[in-house]
Amino acid sequence: MIYLDNHATTRVAPEVLAAMLPYFTEEYGNAASVNHAFGWRAAEAVERAREQIARLLNCPKDWIVFTSGATEANNLAIKGLRRMGTLARPSGEGTGKSAHPPNFITNTAEHPSVLDVAKRLKRLGTDVKILPVDRDARVDPQQVADAIKPETALVSVMLANNEVGTINPLAEIGRICRERGVLLHCDAVPAVGKIPIDLQPAEGGPVDLLSLSAHKFHGPKGVGALVVRRDGPRIPLDPLFDGGGHEQHLRSGTLPVPLIVGFGAACEMARLNRSVSEGIEANDVTGHSPSLTLRVTQIAALRDHLWQSLQSELEGLSLNGPPLAERLPNNLNFSVAGVDGEALMSSLKEIAVSSGSACSTAEPEPSHVLRAMGISDSLSRASLRFGLSRYTTEAEIDVAVAEVVRAVRKLRA
Ligand code: PMP
């Protein structure tokens, strides 16, 4: 079976695995053990990884707080903002209402680890504003500006969308938040390793809190980070759990040294790909030097080839999301008119891709992102999401094309 579901997760790169292995077998010390060399070497490995991650994001290494992944990082960023928590509690305890509840602004295309947190905050008394997105799943900076109120504490906007690859105008949204004194959190999960991220662009970094997850770019599952800006006023974060005070008291718990080493190695691998002057310009996303671009041309070319081949063979395909040149280089998402989504998925035997419905519940629900974009439920159900990776080959793409063409023709016959 050909794996083309790299937005869900990715293969651990061989060099990443090789870097991790000694930390399972020989170097199994606890990074918090200060009394012996096992502990010292584990701590050194953690700090090396922290540096590798920081280098990819262009930030100091003490901004990195290790977590179990991006779900936790998103929860820590949003729930942890003490300012929001404090303000959410009315001064007259027990009334359940505040005259000026804090305001949290996000949007309909976010991952559930942001959207469901927003819903919970709402139940707890925060005034939550969930902005709509446009037909391409893009957040409009003007709408963010219009939604900010004096009591707004936080805005959360993802850098790139995990279903349709839309890249949000983060630099602009960041400037607005900065001007208005509002913190900006960014779920950067699908973007890391595909488009450049610079947390210290020349004209002032727009993002205050950034979430990432190693398993989306050839690192291991179960590790990620929240990056917490520390070059301005202190961001008042409360930890999600109490314990040994690890990670500057923001995330207690013994550090998973092998996973962290793998996370660092994956970042190093992604950073070293930053070498060509083609691809998506960094300017498009964070406003930093356009010469810092990633070697994404090859993946994008395969993705373009996939779409062109499918279109030349089949009628009635509609692209979901922005034009290919304006989205993540490895993403393709389209709907197939006139076929049943479930039947389409079950007839694709040779390729692993995602459909536009979340099968986590008994009744498959159409994707909330496609719905937010205004795509009908039946077209959402009959959609396919492809996620390519650095390991995808042209031969695999050709097999995928033949497989989709065969399945659609059969279903339409
Ligand atoms: N945000 C986005 C946009 C994602 O795609 C994912 C993973 N599906 C997450 C957050 C959650 O990441 P993790 O698997 O590390 O919890």
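The rules behind the values
- Each chain has its residues counted from 1, following the order in which its sequence is written.
- Per-residue local features are limited, in this predicted model, to residues with pLDDT of at least 70; the limit for side-chain atom pairs, both in listing and counting, is 80 or more; totals at the level of whole chains, interfaces and linings are taken over all residues.
- Side-chain numbers here rest on the full set of heavy atoms in the structure, without hydrogens or water.
- Proximity is defined per residue: any heavy atom of the residue falling within 4 Å of a molecule or strand makes that residue near it.
- Identification of polar contacts relies on pairs of N or O atoms within 3.5 Å, with a donor-acceptor requirement for protein atoms, meaning one able to donate a hydrogen and the other able to accept it, and with residues adjacent in sequence counted only if both atoms are side-chain atoms.
- Per-residue and other accessible areas follow the Shrake-Rupley method at a 1.4 Å probe size, with only the shown protein chains counted as cover for residues.
- Only protein atoms enter the 1 Å grid used here, on which a cavity is any set of points holding a 1.4 Å probe that cannot leave and a pocket is any open set flanked by protein within 12 Å on both sides along at least five of seven lines; residues with an atom within 4 Å of a point are listed as lining.
- Molecules are considered to sit inside a cavity or pocket once more than half of their atoms lie within 2 Å of its grid points.
- Where helices and strands are cited, they refer to DSSP runs of H or I of at least four residues and of E of at least two residues respectively, numbered from the N terminus.
- Put simply, buried Ala, Val, Leu, Ile, Met, Phe, Trp, Tyr and Cys residues joined by side-chain atoms within 4.5 Å make one nonpolar core.
- Relative accessible area decides the class of each residue, using a 1.4 Å probe on protein chains only: under 20% of the type maximum gives buried, over 50% gives exposed, and in between gives partly exposed.
- Throughout the structure description, domain borders are defined by an automatic or database domain assignment.
- By definition in these notes, contact holds between two residues if any of their heavy atoms fall within 4.5 Å.
- By the convention used here, strands pair only if DSSP detects at least 2 bridges between them.
- What counts as an axis is a line fitted to C-alpha atoms, over the stretch in contact for a helix, and the angles between N-to-C directions run from 0 to 180 degrees.

S.K.: Any chance you could explain the site of the ligand here in plain terms?
M.R.: By nearness alone, 14 residues border the ligand, and A70, T71, D187, S213 and K216 come closest of all. One of the backbone N or O atoms of A70 is found 2.8 Å from an oxygen atom in the ligand. Between the ligand and the protein, one listed contact pairs an oxygen atom with a side-chain N or O atom of S213 at 2.6 Å. Protein chains bury 83% of the 400 Å² of accessible surface belonging to the ligand in isolation. In this structure the site holding the ligand corresponds to the largest pocket. Of all the elements, helix α4 (residues 70–79) adds the most residues to the shell around the ligand, at 3 residues.

S.K.: Please clarify how the nonpolar core should be interpreted in this entry.
M.R.: Most often, soluble globular proteins have nonpolar side chains that are buried together. Counting residues in each nonpolar core, the largest one holds 70 residues, and the members touching the most others are L57, I64, V155, L210, L212, V227 and F263. Domain assignment of the residues forming this core places at least three in each of domain 1 (2–8 + 290–404) and domain 2 (14–272). The residues contacting I64, other than those within four sequence positions of it, are R50, I53, A54, L57, C59, A225, L226, V227 and E247. Core analysis: the second largest hydrophobic core is formed by 29 residues, L310, V339, L344 and V405 among them.

S.K.: I would appreciate a short explanation of the sheet that holds strand β6 (residues 183–187) in the present structure.
M.R.: In a beta sheet, neighbouring strands are held together by backbone hydrogen bonds and run either parallel or antiparallel to one another. The strand order across the open sheet formed by 7 strands is β2-β8-β7-β6-β5-β3-β4, and the pairing between neighbours is mixed. At either end of the open sheet lies a strand with only one pairing partner, and these are β2 (64–67) and β4 (127–131). Each strand axis lies, on average, 20 degrees off the axis of its neighbour in the sheet, ignoring direction. Contacts between helix α3 (residues 37–57) and the sheet are confined to β2, β7 (209–213) and β8 (224–228), with β2 contributing the most and set at about 115 degrees to the helix. Of the strands in this sheet, β5 (152–156) and β6 are in contact with helix α8 (residues 170–180), which crosses β6 at around 155 degrees.

S.K.: Mind showing me how you'd approach the environment of A31 here?
M.R.: In this fold, A31 is placed in the loop between α2 (22–25) and α3. The sequence separation of A31 and T254 amounts to 223 residues, and the corresponding C-alpha distance is 7.7 Å. Setting aside residues up to four positions removed in sequence, A31 forms contacts with G39, A42, A43, V46 and V257.

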